[in-house]
Amino acid sequence: MASKQESRKLLAEQASQSGEEFIQLYYDTFDKRRHVVSKLYSDASSLVWNGHHIKGSDKLNEFFVSLPTTVHNIYSMDCQPVSERAVPGSTTIAVFVGGTVEYEDNKPKIFSQNFVLTAEGKVWKVVSDCFRITT
């Protein structure tokens, strides 16, 4: 039987791998196939985009397709498992991302984005998303 410390280490490694795979898929979809990015969100997902709150898959889709073309460059990422006590019955991870985003042909802007992801079967879905341009 694995020790508590070994179990935590395994959960952290799994969160890191899952988070990295999800982030690669997310930004590739956001930059190249924006019309389907809302499928990465659950039906009850919540998004705060530079202080504006958007909730529900239909409203998220409307919002995403209204944004200009983007190119994201990720410079930092951290993924952590969320305690089962915080979200009973779910495998949940928190993902923190930092990088730059270019809107159409404009100068790159620094951004940070925080996700809470939960597993729906073998698929990760965004439960909560907070995006902020920092410069």
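As annotated in an unreviewed UniProt entry, the protein carries the name NTF2-related export protein and comes from Paramuricea clavata.

Time to look at the pairing of strand S2 (residues 52-55). Two faces, one strand: in a regular strand the side chains alternate between the faces of the sheet. Examined bridge by bridge, strand S1 (residues 41-49) and S2 share 4 bridges and lie antiparallel to one another. Bridging across to S2, Ser-46 finds its partner in Lys-55. Counting the residues between successive antiparallel strands, the hairpin from S1 to S2 contains 2 residues, one of them, Asn-50, with a positive phi of roughly 50°.

It is worth spelling out the state of the cysteines at this point. A complete count under the given rule lists 0 disulfides for this structure. The closest cysteine sulfur to the non-disulfide-bonded Cys-79 is located on Cys-130, 17 Å from its own sulfur.

Let us now look at the sheet that holds strand S5 (residues 109-120). One open sheet accounts for 6 strands, arranged S2-S1-S6-S5-S4-S3; its pairing is mixed. Both edges of this open sheet fall to S2 and strand S3 (70-82), since each of them pairs with a single strand only. Sheet twist, expressed as the mean angle between neighbouring strand axes with direction ignored, is 15°. Direction of pairing for strand S4 (residues 92-103) relative to S5: antiparallel, over a ladder of 10 bridges.

Moving on to the pattern of salt bridges. Counting across every chain of the model gives 2 salt bridges. Among the ionic pairs, Lys-32 bridges to Asp-28, the shortest N-O distance being 3.0 Å. Placement of the pair is Lys-32 and Asp-28 together in helix H1 (residues 4-32), with a separation of 4 residues, close to one helical turn. Residue Asp-28 is classed as partly exposed on the basis of its relative accessible area of 28%.

Reading the values: the criteria
Residues numbered from 1 in each chain as written. Predicted model: local features only at pLDDT ≥ 70, side-chain atom pairs only at ≥ 80, totals over all residues. Heavy atoms only, no water. Pairing = 2+ DSSP bridges. Helix = DSSP H or I, 4+ residues; strand = E, 2+ residues; numbered from the N terminus. Disulfide = S-S within 2.5 Å. Axes fitted to C-alpha atoms, helices over the stretch in contact; angles between N-to-C directions. Salt bridge = Lys/Arg side-chain N within 4 Å of Asp/Glu carboxyl O. Buried < 20%, exposed > 50% of the residue type's maximum accessible area, 1.4 Å probe, protein only.

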